[in-house]
Amino acid sequence: MKKIMVGMSGGVDSSVSALLLRKQGYDVVGATLKLFSDEDIVQAEKEGKTCCALSDAEDARSVAYRLGFEHFVFNFRDVFREHVMKQFSASYLAGRTPNPCIECNRHVKFDKMLARAQELGYDGIATGHYAVIEYDEKSGRYLLKRPKDRSKDQTYVLYSLTQYQLSHTLFPLGALEKSEVRVIAEEAGLVNSAKPDSQDICFVPDGKYAEFISKFTGKQSPCGSFVDTEGKVLGEHKGIINYTIGQRKGLGISLGKPAYVVKKDIELNTVTLGDETDLYTRTLKAEDVNLISVAEVTEPMRITAKTRYSQTEQPATLSYINGEYIVEFDQPQRAVTSGQAVVLYDGDIVVGGGTII
């Protein structure tokens, strides 16, 4: 690949990715994705957030100008609304806890943007994600691997990448520490060298998920009952979308002892509260599984796995039985949550991942 479109969020990581590719001799063009309405972007700026705000596009354009390449802005509002915002809302209303960054990577960055790049005559795309792509001659497969900077490892949100997408994608930062990236940006005089990383879900900058879902869908999550593990009513909850598995704070109920959300039943509209010990389980099932390092699972496979972004991988066994992917951990895991991703590893290599049922 010699002609590369770099997805530029306006942050330091994507900017340094473009800089490194230019130095390596690639023909580079920058692309910033417009994912919201103008009103949404203005509101994000008012909240003091940076992801996808108007200033981000300006920062990306400034970097492109300084480095001497073209910069485009693509309107992907419709695909983002359909596959990310709509899916996020529907998942919460169904009693699950989704990860919208995974869906954005799946449907927007590595699908829609890659297709647009190829339409314009570019060989592939690059982003500022911290991960490594390698081609394995022995298996004939592209591998997704953990980066040098383990504290910035983003393979958890990249597990959905297909072999085709991996073969047309570059991650220039995989061999760098974040501190090195900032030094490179500062030495190059980039406007965003000290810009902080975005931490929030970009379309819910204030973190008020329930308010966003109600406004986006026009639906209210009705009040229902808190129950204990035996089904005894303990009090009233404010709507299932306000709670997630493992939650302890903000329940609005006092039981004289610590209580945790251990289950949500959308049909009965109940939220089950229990002790922390009730949060642990050893086995989970996953759907929409994407395998990367292997084409199929024909026999039980020893792996490590994690069920949330910030978790350390835990030893487990992956099996494919009667059409179902099953992960059995060596030790019980806390707060395994439906709708979140389980990502599977073999050392530094991503085996694959899927959505927890």
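Everything quoted here is computed from the prediction, not taken from an experiment. (Residues numbered from 1 in each chain as written. Predicted model: local features only at pLDDT ≥ 70, side-chain atom pairs only at ≥ 80, totals over all residues. Heavy atoms only, no water.)

Chemist: I keep staring at the overall build of the chain and nothing clicks. Help me out?
Modeler: Within the chain, the regular secondary structure consists of eight helices and 17 strands. Expected size for 357 residues packed as a compact globule is a radius of gyration near 21 Å; at 22 Å, the chain falls within 12% of this value. Taking all 357 residues of the chain together, 50% fall into the buried category. In the chain, the proportion of contacts linking residues at least 24 apart, taken out of those at least 6 apart, comes to 65%. Carbon and sulfur atoms make up 47% of the accessible area of the chain, which totals about 17100 Å². Measuring between centres, the 43 positive side-chain charges of the chain sit 2 Å from its 48 negative side-chain charges. (Helix = DSSP H or I, 4+ residues; strand = E, 2+ residues; numbered from the N terminus. Rg over C-alpha atoms; globule rule 2.2 N^0.38 Å. Buried < 20%, exposed > 50% of the residue type's maximum accessible area, 1.4 Å probe, protein only. Contact = heavy atoms within 4.5 Å. Areas by Shrake-Rupley, 256 points an atom, 1.4 Å probe, with all protein chains shown as cover. Lys, Arg positive; Asp, Glu negative; His and termini not counted. Charge placed at Lys NZ, Arg CZ, Asp CG, Glu CD.)

Chemist: Teacher, can you tell me more about the sheet that holds strand S7 (residues 169–170) here?
Modeler: Hydrogen bonds between backbone groups are what pair the strands of a sheet, and the pairing can be parallel or antiparallel. With respect to topology, five strands assemble into an open sheet ordered S3-S2-S1-S4-S7, the strand pairing being parallel. Edge positions in the sheet fall to strand S3 (71–75) and S7, since each has one partner strand and no second. In terms of strand pairing, strand S1 (residues 3–7) meets strand S4 (residues 124–126) through three bridges, oriented parallel. The partner of Val-6 across the bridge, within S4, is Ala-126. (Pairing = 2+ DSSP bridges.)

Chemist: Even after reading the chapter, I still don't get the pattern of salt bridges, so can you show me in this structure?
Modeler: Any two side chains of opposite charge can pair if their charged atoms end up close together. Counted according to the given criterion, the structure contains 21 salt bridges. Between Glu-58 and Arg-61 there is a salt bridge, and its shortest N-O distance comes to 2.8 Å. A residue pair is termed a helical-turn pair when its members lie 3 or 4 positions apart in one helix, as Glu-58 and Arg-61 do in helix H3 (residues 54–67) at three residues. A salt bridge links Glu-287 to Arg-96; the nearest nitrogen and oxygen atoms lie 3.2 Å apart. With Glu-287 in strand S12 (residues 280–291) and Arg-96 in the loop between helix H4 (77–93) and helix H5 (100–119), this pair connects stretches of sequence that are 191 residues apart. Among the ionic contacts, a cluster of salt bridges with common partners joins Asp-13, Lys-152, Lys-178, Arg-182 and Asp-197. (Salt bridge = Lys/Arg side-chain N within 4 Å of Asp/Glu carboxyl O.)

Chemist: What should I look at first to understand the environment of Arg-308 in this one?
Modeler: Inspection of the secondary structure assignment puts Arg-308 in the loop between strand S13 (301–306) and strand S14 (314–321). Along the backbone, Arg-308 and Lys-249 are 59 residues apart, and their C-alpha atoms lie at a distance of 19 Å. Look past the residues within four positions of Arg-308 in its chain and what remains in contact with it is Tyr-156, Arg-334, Ala-335, Val-336, Gln-340 and Ala-341.

Chemist: Sorry if this is basic, but what is going on with the nonpolar core here?
Modeler: General note: in soluble globular proteins, nonpolar side chains tend to be found buried as a group. Membership of the largest hydrophobic core comes to 45 residues, with the highest contact counts inside it found for Phe-80, Val-108 and Phe-203. Among the secondary structure elements, those contributing two or more residues to this core are strand S2 (27–34), H4, H5, helix H8 (209–217) and strand S16 (341–346). It is H5 that provides the largest number of residues to this core, a total of seven residues. The next biggest cluster of nonpolar side chains, apart from the first, holds 25 residues, and it includes Val-12, Phe-69, Leu-173 and Val-181. (Core = buried A, V, L, I, M, F, W, Y, C linked by side-chain atoms within 4.5 Å.)

Chemist: Got a minute to help me understand the pairing of strand S17 (residues 349–356) in this structure?
Modeler: Put simply, side chains in a regular strand alternate between the two faces of the sheet. Most of S17 is tucked away: seven of the eight residues are buried. In this sheet, S17 lies alongside S12 in antiparallel orientation, the contact comprising four bridges. The residue of S17 that forms the bridge with Leu-291 is Gly-352. When S16 meets S17, the two strands line up antiparallel, connected through six bridges. Of the residues in S17, the one forming a bridge with Val-343 is Gly-353. Here S16 hands over to S17 after two residues, with Gly-347 in that stretch at a positive phi of 65°.

Chemist: Sorry if this is basic, but what is going on with the packing of aromatic side chains here?
Modeler: By convention here, two paired aromatic rings are described through the distance between centres and the angle between planes. This model, assessed by the stated rule, comprises 15 aromatic pairs. When the ring of Phe-88 is compared with that of Tyr-92, the centres are 5.1 Å apart and the planes differ by 65°; the resulting orientation is edge-to-face. Pair noted here: Phe-88 and Tyr-92 are both in helix H4, with a separation of four residues, about one helical turn. Of the residues examined, Tyr-92 reaches a relative accessible area of 6% and is grouped as buried. Aromatic side chains Phe-212 and Phe-216 sit 5.4 Å apart centroid to centroid with 20° between the ring planes, which places their arrangement in the stacked category. Here Phe-212 pairs with Phe-216, and both are found in helix H8, just four residues apart, close to one helical turn. Classification of Phe-212 by relative accessible area gives buried; the value is 14%. Directly above the aromatic system of Tyr-26 lies the positively charged group of Lys-2, at a separation of 4.9 Å from the ring centroid. (Phe/Tyr/Trp six-rings, centres within 6.5 Å; stacked < 30°, edge-to-face > 60°. Lys NZ or Arg CZ within 6 Å of the ring centre and 35° of its normal.)

Chemist: I tried to follow the environment of Ala-286 on my own but got confused; where do I start?
Modeler: The residue Ala-286 is located in strand S12 in this model. Judged by relative accessible area, which is 9%, Ala-286 ranks as buried. Each C-alpha atom of the pair Ala-286 and Lys-178 lies 32 Å from the other, and the pair is 108 residues apart in sequence. Ignoring sequence-local partners within four residues, the contact set of Ala-286 consists of Tyr-325, Val-342, Gly-354, Thr-355, Ile-356 and Ile-357.

Chemist: Honestly, the sheet that holds strand S8 (residues 224–227) in this entry has me stumped. Any pointers?
Modeler: With respect to topology, four strands assemble into an open sheet ordered S9-S8-S11-S10, the strand pairing being mixed. The open sheet is flanked by strand S9 (233–237) and strand S10 (260–265), the only strands paired with a single partner. Ignoring which end each strand starts from, the neighbouring axes of this sheet average 30° apart. With three bridges joining them, S8 and strand S11 (residues 270–274) adopt parallel strand pairing. Looking at the pairing, Phe-226 lines up with Val-271 of S11. (Axes fitted to C-alpha atoms, helices over the stretch in contact; angles between N-to-C directions.)

Limitation: the analysis is restricted to geometry and does not speak to function.
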